[in-house]
Structures are given as structure tokens and as C-alpha cells.
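Single-letter residue listing:
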Amino acid sequence: MKVGFIGLGIMGRPMCKNLLKAGYEVTAFDPFAKAALDDVVSCGAVRGESNADVASKSDVVITMVPNSPHVREAIFGANGVAEGAKPGLDIIDMSSIAPLQSKDIAEKCAEKGINMMDAPVSGGEPKAIDGTLSIMCGGPKAMFDKYCELLNVMGASVVHCGDVNGAGNTTKLANQVIVAVNIAACAEAYELAIMAGVDPEKVFAAIRGGLAGSTVMDAKVPMMLDGNFKPGFRIDLHIKDLNNALDTGHGVGTPMILTSAVQEMLQWLHNNGCGSDDHSAILKYYEKITGVEMRKLDK
Ligand code: NAD
């Protein structure tokens, strides 16, 4: 099976490298990430010259780009996947995009004889590197079955969430709501502790193993304690996900009260120059309001 990989950013680069390690023949391309392309080529990938070139050399093309306009550009734009696609090409879009966009792109692909499945991921850069992502798939079960083994190279959990295109992205939105609200709750709670005079490192040690503990707390609170906001997952990408969640929630009539509140915090951070920080920088919102910086207590 010949695999194409498009989008070699924080996530795509290690995911592509894991496919190469597992022995897949991969042609890769990213027009804006030359160092990452050089890196995957040095690991055995064929250097693609364009998205169309990648498609012409592949049975299945994986896209891992920021949002739906980038997916559309990569597939339908000039020199895009659709231009180079062989009849019956499969596309697995692993980007996190709005479910309705995913459905619409899949329908446009079908008009061109291209099959599509959405398979967004959770786990961030460390799990992309380890090949232990959680992968949420939407689209025909037969296509899921065909690519389950390949997806398992990049993930520890690969779940078919529904036969409808976009079902994977709906699942991913649920994931992003829970992560955002959890990070904001951690920032609020640790800021409370520090202002009440309790060492936040002690709070972390005391509560991480109890009911309040979470994968989010374990990953993000140490970053807050260190004042290390290097991404990881950029605030601007989380704004994109929460806007997609709000649009979808409003479309189906779900109350999105907590999501709206955290979206406002993230938007404030973006407006104040923090859009490229890791989303653990939600802490900075609380630090700005209180004037108390967590990391200065004991460092
Ligand atoms: P990134 O910005 O680091 O990488 C995206 C890459 O896509 C860039 O290298 C860019 O050059 C490339 N790209 C953009 N338009 C393109 C086009 N038309 N053709 C080819 N390449 C193109 O983003 P990322 O952090 O790797 O995230 C990618 C996707 O995965 C996003 O949808 C994000 O929401 C999702 N995601 C990210 C994380 C994370 O922790 N970073 C975790 C889970 C899911």
C-alpha cells in the first residue's frame, strides 16, 4: 500500500515518521515546512513536489493540516490532491475540522471518484511521537476496516464513531470541549490555591491521584508550574476547535455555556499576543486578572 502524507507540522511530522518506521512506503509534502520535509525524507520518505504529486504516487493520502480551508486547498486547490488522484483514491483527513465541513468535503470528493474518511486525533505531540494517539473515525465502516491497521501504527485507540462523514470530528469536538474546560478549571483552582497561600506544587501532589485528577491535569499543570507555554497545542488551534464546537452546538440546540466562557478567555489571550502559546497558557488569563503569577511563589 502506497501512502501519501500531507501536512508535516507539530503532529504530522512524527505521525509520518511512525508510518515509515512501520515499513510503509510514504510520499510526503508540505509547502510551508521545508525542514520537516527534509527530516521525513532523511527517514526514508519520498519527497513530494506538490499535493497533486503526492496523490499521483499514492493509494491513500493522509492530510494533517490546521482547519477546513487548508483541507479544501490541499485537496481541491491548484496542484491539489484531486488533480493528481488516481481513480478510487482514498483520503483520510486527520485534521480537526467542523463536522459539516468534513461531510461537505467528502461529498465533493465522491463527485470526483475519491473516497474520504475523517479521522481526527487526540493526545498531542507526545502521543504523536509515541504512536499512541486516540483516533476517532467517521465514514463508511468498510473504509475504516481497510485502514484500521495503518491507523493503529499512529494510535493506541482507533474507534469507528459512525458511518456518516463528520462523526469522527463530532467526537473530536466533544474531546476539545472537555479538554478546554478542564484546563480552565485547573488554572482557576490553582490560582485560588496560590492566592490563598498554599503552594500549588503541594496542591498538585495532593489531588492528582484523586477524583479531580486527569490526563489533562497531569500534562498541563506541570507546564503551568514551570511557566513553560511552548506548544504542544496552540491557543489559536483551540479557538478554532471551540468555534467549531459552538457552531455545531448552536446548530443542534445544545447549551454551550462552559465552552463559551473558555472561548472568551482564549480569544482574550489571542488578542494579547498569546495565540501561539500552548493552551495551558489559559493560566495567563487568571494571572493577568489577579496580578499574581503562579510560578513566582516558589521559583
Ligand atoms: P501545525 O500548524 O503545526 O501543522 C499544520 C501543517 O499543515 C503546517 O506544517 C502547514 O504548513 C501545513 N499546511 C497548511 N496548509 C497546507 C496545504 N494546503 N497543503 C499542505 N500542507 C499544508 O498544526 P498541528 O499542531 O500539527 O495540527 C494539525 C491538526 O491536528 C489541526 O487540525 C489540529 O487542531 C489537530 N491536532 C493538533 C494537536 C496538537 O497538540 N498540536 C493535537 C490533536 C489534534
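Residues numbered from 1 in each chain as written. Predicted model: local features only at pLDDT ≥ 70, side-chain atom pairs only at ≥ 80, totals over all residues. Heavy atoms only, no water.

**Let's talk about the pattern of salt bridges**
When their charged atoms lie close together, side chains carrying opposite charge are able to pair. One pass over the full model with this rule turns up 16 salt bridges. Salt-bridge contacts for K17 lead to D39; the nearest nitrogen and oxygen are separated by 2.8 Å. Here K17 is found in helix α1 (residues 12-21), whereas its partner D39 is found in helix α2 (residues 34-42), with 22 residues between them in sequence. Accessibility expressed as a relative area gives 17% for D39, which makes it buried. Between R72 and D104 there is a salt bridge, and its shortest N-O distance comes to 2.9 Å. Linking R72 in helix α4 (residues 68-76) with D104 in helix α6 (residues 99-111), this pair joins segments that are 32 residues apart in sequence. Overall, the relative accessible area of 23% leaves R72 in the partly exposed class. By sharing partners, the salt bridges in this structure join R13, K17 and D39 into a single network. (Salt bridge = Lys/Arg side-chain N within 4 Å of Asp/Glu carboxyl O. Helix = DSSP H or I, 4+ residues; strand = E, 2+ residues; numbered from the N terminus. Buried < 20%, exposed > 50% of the residue type's maximum accessible area, 1.4 Å probe, protein only.)

**Let's talk about the domain arrangement of the protein**
Each domain of the protein was delimited in the assignment, giving domain 1 (2-165) and domain 2 (170-290). If you average the C-alpha positions of domain 1 and of domain 2, the two centres end up 28 Å apart. Counting residues at the interface gives 13 residues for domain 1, matched by 12 residues for domain 2. Summed over both sides, the interface between domain 1 and domain 2 buries roughly 1,000 Å², with carbon and sulfur atoms accounting for 58% of that surface. Counting the contacts that link domain 1 with domain 2 gives zero salt bridges. (Domains from an automatic or database assignment. Contact = heavy atoms within 4.5 Å. Buried area = accessible area lost by both parts, 1.4 Å probe.)

**As for the site of the ligand**
Surveying the vicinity of the ligand reveals 28 residues, the closest of which are M11, D30, P66, R234 and K240. Measuring from an oxygen atom of the ligand, one finds a backbone N or O atom of P66 at 2.8 Å. One nitrogen or oxygen atom from the side chain of R234 is found 2.8 Å from an oxygen atom belonging to the ligand. The set of elements that each furnish at least two residues to the shell around the ligand consists of α4, α7 (124-130) and α12 (235-252). The element contributing the most residues to the shell around the ligand is α4, with three residues. Of the residues that constitute the shell around the ligand, the class distribution is 14 nonpolar, eight polar and six charged. (Near = heavy atom within 4 Å. Polar contact = N/O pair within 3.5 Å; in protein donor to acceptor, adjacent residues only side chain to side chain. Nonpolar A, V, L, I, M, F, W, Y, C, P; charged D, E, K, R; others polar.)

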